[in-house]
Each structure stands twice: as C-alpha cells, then as structure tokens.
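A structural walkthrough
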Protein chains: 2
Amino acid sequence: MILIDYKSRKPIYEQIIDNIKSLIVSGVLKRDEQLPSVRQMAQELAINPNTIQKAYTELEREGITYSLKGRGSFVGSSLQELRTVQQKALLEQLAELSADLYRLQVPQQDAWTVVQQVYEQQKEDEAYD
Amino acid sequence: MILIDYKSRKPIYEQIIDNIKSLIVSGVLKRDEQLPSVRQMAQELAINPNTIQKAYTELEREGITYSLKGRGSFVGSSLQELRTVQQKALLEQLAELSADLYRLQVPQQDAWTVVQQVYEQQKEDEAYD
DNA sequence: TATGTGTATTATATTATCTAGTACACCTAT
DNA sequence: ATAGGTGTACTAGATAATATAATACACATA
C-alpha cells in the first residue's frame, strides 16, 4: 500500500504524507475510510510508531484526515477537494519552473513539446490497463 | 552580488552554488574571470569561510570553476556550456512535473496557459530595462 | 618578506530526523 | 468489568547534515 525509499533525501514522514495523499487522490482511499492504525503501519513498514504519528499529525493539521481517540484516523478530505488543492499547487510549481525556463532562454516551443510528449506517453501507458 | 535567504530550508552553501551558477548563466561572470576569494566572500556575507569553501569545492567538482593554489578560484565553464546543461536539467524537471499534472488530471490546456502567461509576463518585465 | 590565495584539519554547536520506551485516556467487543 | 485496540503525550538518545570556530600549511605575487 505504501512504499518508502530509504535512499531518498526526503524524510520518511513526508513520504508517508505524500503517499497517503496519492492514495486519496487516486480514489483508493475514500472519505471517512479508516487509515491503518499508527502501530499497524509502523509494524508493516518496520518504522518507529513516532514517525507514523508525525505524519498523521501533519495530515490532520492540513485537514486531510481526522482522528478520534480510541477509534482511529480517517480520511477527511474528498477526492475532489484534495485534487483541486493539489492541482493548484502543481500549477504554481509550473509557474515557477516556467520563469526559470524563461531566464535560461529555453524556447517556449521546447517546453511545450516536453509537456505534450509526457501527456501522450502517459495516455499510452494507461491504455494497457 | 550574492543574496542569502537565511529563512530558506536550502543550505547556505547550496544557495551560494546556485547563485554563482546564475551569475555565470546571466553573463555577469565570464570564463576565466576570478571569483571572490573564500575569505572575502565570507566577510561580505558574514558567513564562515568553511561554508564558502564547501560551495567552491562543489562547484569545482561539477567542473564549473577551477582553483589555483595561491591564485584564486576562476570560472571554468562558458555561458553556453552551463546554460545548455541547466536547460537540460530544467526540461527534466518539467517532464516530472508534467507527469504529476497528468496524474492529477490537470487539462493540458490549463498547463499550457500557465506557461504562456509566465513567458509573456517575463517579456513585459524585460521591456522596462 | 609580507600579504593574499586555496586547502586541510580538528573541534564544537545546532537542528532535523528517527528510534526507543513508557504512559495515559478513550472506545468497543467480549 | 475487562481486555485489547485506538490516538496522544512525554522523555531520552542516536545519527546525520549544516554551520561555526580556530589553526595551520603550501603556494603565488607584489
């Protein structure tokens, strides 16, 4: 369900956060569905429970999950809500990257070609599902 | 000449590296031109000389500068060489970002609009030089 | 010779990350 | 009521990356 890359410079708890967001946005985890408990996920990933706890706390702070004492942690954000937020964030990243591309005098056409090619490649990959 | 953002999560030595690359790519620093000495830059930025040294060592490792004992550090990469390398790196970033955009189902048209707007905005800003 | 270079070394401080262990309050099924 | 599973809080320690501090040495040049 969740994969951790220990070689990455990205902290484990951030990888868990991103992973859960992906699961929600991809529709695997749905609103009000229960997440694995802190201890369970810690055991499955062979990671300290405190690290999972840190990820869950941050997810709750962002309003993406909610926790009930004695019950568990649950998805608090709908697929559409989270998708909208993340789309906005990605477009902001794209704007920053575009500014860098401009500064380095990369032709607009070259940038566009890359985007197009990736989109078409992804579409092809999807055709095999 | 160089600005450091102490609030940034990016380490100071990395900021120095990026800053010097920008100065080369923008044509401010030219091939074989001498960089500020380790001690001089350390004093100007009120930063420990070892931190500057770390940045310079990395720049030399990347082939962007070269150092001569007793002489100083100099630009070893031409504007065109470095620009080409960095353009390639940026386009790779763009490819990764495009894949994320696709996964989040951002319409290709929306992405394209952002890129276009940034390019036009930058062009306008430049007109005031 | 004096000064300014790059470079190397050792030590310390700080911060972020992660682990370890323990404890408590709460919920629920038995 | 009890047991077991929840979230949560707390203290402590290990480790790595980053940055500072203080010296020292070799080399180049005016």
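Residues numbered from 1 in each chain as written. Chains lettered and ligands numbered in written order. Predicted model: local features only at pLDDT ≥ 70, side-chain atom pairs only at ≥ 80, totals over all residues. Heavy atoms only, no water.

As for helix α2 (residues 38-45) of chain B
Residues and elements named next belong to chain B. Those residues of α2 that fall on the buried side of the exposure criterion are V38, M41, A42 and L45. All buried residues of α2 project into a common sector of 105° when viewed along the axis, lining one side. In α2, the exposed residues that point more than 90 degrees away from the buried face are R39, Q43 and E44. Buried-residue contacts for α2 involve α1 (12-25) and α3 (49-61). A46 sits one or two positions beyond α2 and adopts a positive phi of about 55°. (Buried < 20%, exposed > 50% of the residue type's maximum accessible area, 1.4 Å probe, protein only. Helix = DSSP H or I, 4+ residues; strand = E, 2+ residues; numbered from the N terminus. Arc of directions from axis to C-beta. Contact = heavy atoms within 4.5 Å.)

Things to note about the pattern of salt bridges
All names here are of chain A. Tallied over the entire structure, the rule returns 10 salt bridges over all chains. Notably, a salt bridge pairs E62 with K21, separated by 3.0 Å at the nearest N-O pair. In this pair, E62 sits in the loop between α3 (49-61) and β1 (65-68) while K21 sits in helix α1 (residues 12-25), placing the two residues 41 residues apart along the sequence. Linking R103 and D100 is a salt bridge whose minimum nitrogen-to-oxygen distance equals 2.3 Å. Pair noted here: R103 and D100 are both in helix α4 (residues 79-103), with a separation of three residues, about one helical turn. (Salt bridge = Lys/Arg side-chain N within 4 Å of Asp/Glu carboxyl O.)

Looking at the protein's contact with DNA strand D
Taken together, 24 residues form the shell around DNA strand D, and within it R39(A), I12(B), N48(B), N50(B) and T51(B) come nearest. Atoms of DNA strand D within 4 Å of the protein: sugar and phosphate make up 61%, bases the balance. For DNA strand D, a phosphate oxygen lies 3.3 Å from a polar atom in the side chain of S37(A). T51(B) is positioned such that a nitrogen or oxygen atom in its side chain is 2.9 Å from a phosphate oxygen of DNA strand D. (Near = heavy atom within 4 Å. Polar contact = N/O pair within 3.5 Å; in protein donor to acceptor, adjacent residues only side chain to side chain.)

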